[in-house]
Amino acid sequence: MRKWVGAALLGRAGQTFETEMKHVRRSEFHQWLVAGLVAGGLVFAPEALGQSSDVPGMLRVTVVVELSCPSCAQGLERRLGRLDYVDLVEVLSESGQIVLTPERGAVLDLHAVRQVIRNVGFQPVELRVHALGEVKRQDDGFVLALPDNVLLALDAKDATDVLLSMVGAPPVEVAGVAVRPPGSDHDVLAVNAVGDSR
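It should be emphasised that the depicted structure is a prediction, and the values quoted were computed from it without experimental measurement.

## Some words on helix α5 (residues 110-119)
Helical geometry note: an α-helix holds 3.6 residues per turn, so side chains three or four residues apart project in the same direction.
Move 1: By the burial criterion, the buried members of α5 are Leu110, Val113, Arg114, Val116 and Ile117. Along the axis of α5, the buried residues cluster in a sector spanning 160°; they form a single face.
Move 2: For α5, the N-terminal capping position is held by Asp109, with its side-chain oxygen 3.0 Å away from the main-chain nitrogen of His111.

Printed below as a string of structure tokens:
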């Protein structure tokens, strides 16, 4: 235990965590790390590390899919959990939904999510994305600027006036359905809701 806590304090937690603690979710590791630091007398708030409670990125991706096979759904849960930046996967078989919670401030590759689901033999019906980012104008439309220079095109529909008022504002929560138009290699978010994160 001393080895991985020490490695975490030195900034090498991910490497040690991946090699020695593969079966532990990242969020559990972080909880253990914080508990160890608190027990050791080092107590801190996220703000002390330069983090705020409003970190831009994807907050959750909900995939609507028909989950007819419980054991297949378990395999799907494991595979989705292996995708980059996925912190938690929840399978809600009764409602036919899979909820992916990304690591804080991360952006999930929606194409990779669809591919994993298709490779297991399921067909994703809908990808609902809830993200926090900066609304910007681009050409004659809007985009949501996310970390790592990711720009998610927004299909504003009835939210044009709301989005226009949010341009240049602090990070904004946007929810909608991600659609990949035929022949395109980028998703477009059909906006359902827009809210100020403050």
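## Examining the environment of Phe122
Move 1: Here Phe122 is to be found in the loop between α5 and β4 (124-138).
Move 2: Along the backbone, Phe122 and Cys69 are 53 residues apart, and their C-alpha atoms lie at a distance of 9.9 Å.
Move 3: Not counting chain neighbours up to four residues away, the residues in contact with Phe122 comprise Val65, Glu66, Leu67, Ser68, Cys69, Cys72, Ala73, Leu76 and Ile117.

## A closer look at the pattern of salt bridges
Move 1: Going through the model one piece at a time under the given rule, you end up with 3 salt bridges.
Move 2: Note that Asp187 is salt-bridged to Arg114, the shortest N-O span being 2.7 Å. Within this pair, whereas Asp187 is found in the loop between β7 (172-179) and β8 (188-196), its partner Arg114 is found in helix α5, the two being separated by 73 residues in sequence. Each member of the pair Asp187 and Arg114 is classed as buried.
Move 3: By sharing partners, the salt bridges in this structure join Arg114, Arg180 and Asp187 into a single network.

## Re the side chain of Thr62
Move 1: Positionally, Thr62 belongs in strand β1 (residues 57-65).
Move 2: Under the relative-accessibility criterion, Thr62 is labelled buried at 10%.
Move 3: If we ignore the near neighbours within four places in the chain, the residues touching Thr62 are Gln97, Ile98, Val99, Glu126, Leu127 and Arg128.

## Points about the pairing of strand β2 (residues 86-92)
Move 1: Relative to strand β3 (residues 97-102), β2 is paired through 6 bridges, and the arrangement is antiparallel. Looking across to β3, one finds that Val91 is bridged to Ile98.
Move 2: Between β2 and β3, which pair antiparallel and follow one another directly, the connecting turn spans 4 residues, one of which, Gly96, has a positive phi of 65°.

Reading the values: rules and limits
- Residues numbered from 1 in each chain as written.
- Predicted model: local features only at pLDDT ≥ 70, side-chain atom pairs only at ≥ 80, totals over all residues.
- Heavy atoms only, no water.
- Buried < 20%, exposed > 50% of the residue type's maximum accessible area, 1.4 Å probe, protein only.
- Helix = DSSP H or I, 4+ residues; strand = E, 2+ residues; numbered from the N terminus.
- Arc of directions from axis to C-beta.
- Polar contact = N/O pair within 3.5 Å; in protein donor to acceptor, adjacent residues only side chain to side chain.
- Contact = heavy atoms within 4.5 Å.
- Salt bridge = Lys/Arg side-chain N within 4 Å of Asp/Glu carboxyl O.
- Pairing = 2+ DSSP bridges.

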